Amino acid sequence: MASVLKKDPAFENIPSIKAKTLRINLNPDIYGTYAEIGAGQETARHFFRSGGASGTIAKAMSAYDKAFSDAVYGIETDGRYVTQSRLKKMLSHEMRLMDERIDRKEHPDRLFFTYANTVATIDFSKRYKGHGWVGIRFQLDPDQKDLDEIILHVRFKQNEARLQQETLGIVGVNLIYGAFYKYNKPRKLLKYLYDHIDRDTLEIDMINFSGPNFKNVDNRLMSLQLIRNDMTDAVMFGPDGNNLLPAAVLYKKNILALRGSFRPVTKVNMDMFEKSYDIFVRDPAVDMDNTIVIFEITLSNLKASGEIDERDFMDRAELLCSLGHSVMISKFQEYYKLVEYFNNYTKAKIGLTMGVNNLVDIFDEKYYRHLSGGILEAFGKLFFKELIVYLYPMKNPDTGQIMTSNNIKVHPRMKELYKFFKYNGKVMDIIDYDPEIMHIFSRDVLKKITTGEEGWEEMLPEGVPETIKENHLFTRDQDKLKEKV
């Protein structure tokens, strides 16, 4: 194994960016290229300034001109430049050149890497704050053929391009340093990306680890870390378990969202999804091919005794992914914040599928006391333009009465407000529900699973009981678990 993996006591707990770059520059084995588009060569600049860069930097480039960039990396099908696809092409192209141009016989111990970013900083009108893709492809052993890779997406919050460029340069240094010296502690690597950066200046809303040295890293758990570390407000991951960029997934899409604990996902959850989806896509304003369904879990639904149970989270995620769904984890306890978030990326139709209890809670004033405009301010954001609530009925356990939008009980002060939204078509009942499954609640199913009681299998969608049994979901001894990350 090359010297990069050996502990060097003199460099433990390095506080400065210069010390990080110097440690890399003085390592005789680390050698690679820097390709930065759109925000100068801010990362490479740090390595040049610290000294000894000639032993580390094979090439540093910035293809600002679009035509020149296209000639080097090819043309994107969508014509855009600040995309994950562009970043991956940059990483592949530059790493291929490293292999072609550096003679392995002369440098048998060298560890190749390519760092790249493609970024758009704030525009002159200051309407768009700017964002970018940052990544590194690297090896930790000179004989390593399958390379490791870390890719992240950042959003800038500063109001000056120069400040954004400086922030980007520091993030790049932290990423390269973390890749080589903190690769075996990905959670800490994630936190160290903010070394010497104020959290209020930058948002990291997606990160993916891949490669042989990250084979035990579950990107869904890393996604959860972004939320827990206050790096972003919402994250998404797809059925394959890889993190998705919310902005890219939601952009100009019709969105149907279902909030729940999904602990576990039940037949009722799937009936809510299927029936509301049928109504949603029949709307003339909704293009089925431009529609996305999101199963959303708010962070408060992941907490048990005030703490987040990561294994429990993974159990829920595994089931939803096995059913082929995309999942969002958010910090938005109130529905209006979720809708406000969606409206940042789309002006198309938004549907929220919920049960009667959720709708009653929405009309509870106590959730809006922190707003200067109270519940009216929240509702102005919630029922914005194209939003509709699809209401799934509930059977009253005491009376057996089916509760719908026509007979739910809201606070007397809220009755007229509720009628306003109801009669303006903002609340639509799901009428073709399955009455045979209305008795099913996730909490009851979970209790049966954990206590070994029989009969819970018939309450869950096809294939889910088998997944729970095969992987021992919701039943494992937490003290014996080993973290996946």
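In this text, all values refer to a predicted model and were calculated from it rather than measured experimentally. (Residues numbered from 1 in each chain as written. Predicted model: local features only at pLDDT ≥ 70, side-chain atom pairs only at ≥ 80, totals over all residues. Heavy atoms only, no water.)

Novice: Help me understand the environment of Tyr390, please; the structure alone is not making it clear to me.
Specialist: Structurally, Tyr390 can be placed in strand β15 (residues 387–392). Relative accessible area serves as the criterion here: at 2%, Tyr390 is assigned to the buried category. Separated by 286 residues in the primary sequence, Tyr390 and Arg104 place their C-alpha atoms 62 Å from one another. Dropping the residues within four chain positions of it, Tyr390 is found in contact with Leu256, Ser276, Ile279, Phe280, Gly351, Leu352, Thr353, Met354, Met428 and Ile430. (Helix = DSSP H or I, 4+ residues; strand = E, 2+ residues; numbered from the N terminus. Buried < 20%, exposed > 50% of the residue type's maximum accessible area, 1.4 Å probe, protein only. Contact = heavy atoms within 4.5 Å.)

Novice: Looking at this model, I keep getting lost on the sheet that holds strand β2 (residues 57–61). Mind explaining?
Specialist: The strands that make up a sheet pair up through hydrogen bonds in the backbone, lying either parallel or antiparallel. Pairing is mixed across the open sheet formed by six strands, whose spatial order is β2-β1-β3-β4-β5-β6. The open sheet terminates on both sides in strands that have one partner only, identified here as β2 and β6 (202–210). The mean inter-strand angle of the sheet, taken between neighbouring strand axes irrespective of direction, is 10°. For strand β1 (residues 30–37) and β2, the ladder comprises four bridges, and the chain directions are parallel. (Pairing = 2+ DSSP bridges. Axes fitted to C-alpha atoms, helices over the stretch in contact; angles between N-to-C directions.)

Novice: Which parts of the structure should I look at to understand the pairing of β15?
Specialist: Every other side chain in a regular strand lies on the same face of the sheet, so the side chains alternate between the two faces. Extensive coverage of β15 is indicated by the burial of six of its six residues. Alternating residues of β15 divide into Leu387, Val389 and Leu391 and Ile388, Tyr390 and Tyr392, and every residue in both groups is buried. Summarising the sheet, strand β14 (residues 350–355) and β15 pair through six bridges and their orientation is parallel. Bridge pairing in β15 links Ile350 to Leu387. With three bridges connecting them, β15 and strand β18 (residues 427–429) associate as parallel partners.

Novice: Honestly, the packing of aromatic side chains in this entry has me stumped. Any pointers?
Specialist: Any two aromatic rings considered together are summarised by their centre-to-centre distance and by the angle between their planes. For the structure shown, the criterion picks out 24 aromatic pairs. Between Tyr34 and Phe113, the ring centres sit 5.5 Å apart and the planes meet at 90°, which makes this aromatic pair edge-to-face. With Tyr34 in strand β1 and Phe113 in strand β3 (residues 111–120), this pair connects stretches of sequence that are 79 residues apart. When sorted by exposure, Tyr34 lands in the same class as Phe113, which is buried. Look at Tyr367 and Tyr368: their rings are 6.5 Å apart centre to centre, the planes differ by 75°, and that puts the pair in the edge-to-face class. Ring pairing ties together the aromatic residues Tyr34, Phe47, Phe113, Tyr115, Phe138, Phe180, Phe209 and Phe214, which thus form one cluster. When the ring centre of Phe112 is taken as origin, the NZ or CZ atom of Arg104, which lies over that ring, is 4.0 Å away. Here Arg443 stacks its cationic end above the ring of Phe441, 4.7 Å away from the centre of that ring. (Phe/Tyr/Trp six-rings, centres within 6.5 Å; stacked < 30°, edge-to-face > 60°. Lys NZ or Arg CZ within 6 Å of the ring centre and 35° of its normal.)

Novice: Is there a simple way to think about the pattern of salt bridges in this case?
Specialist: Oppositely charged side chains can pair when the atoms bearing their charge come close. Taken as a whole, this structure holds 32 salt bridges when the rule is applied. One salt bridge connects Arg155 with Asp205, and the closest N-O pair in it is separated by 3.1 Å. Here the residue Arg155 occupies a position in strand β5 (residues 148–156), and Asp205 occupies one in strand β6, the gap between them amounting to 50 residues. Exposure remark for Asp205: the relative accessible area of 3% places this residue in the buried category. Residues joined by salt bridges that share partners form a network here, namely Asp70, Glu76, Arg86 and Lys89. (Salt bridge = Lys/Arg side-chain N within 4 Å of Asp/Glu carboxyl O.)

Novice: Teacher, can you tell me more about a positive patch on the surface here?
Specialist: Residues Lys185, Lys188, Lys191 and Arg199 make up a contiguous surface patch of positive charge. For Lys185, the location among the structural elements is in the loop between α5 (161–181) and α6 (186–192). Since its relative accessible area comes to 40%, Lys185 is described here as partly exposed. (Patch = residues over 30% accessible without salt bridge, like charges linked within 9 Å, V, L, I, M, F, W, Y side chains within 5 Å. Areas by Shrake-Rupley, 256 points an atom, 1.4 Å probe, with all protein chains shown as cover. Lys, Arg positive; Asp, Glu negative; His and termini not counted. Charge placed at Lys NZ, Arg CZ, Asp CG, Glu CD.)

In short, the description is geometric, and any link to function would need to be established separately.
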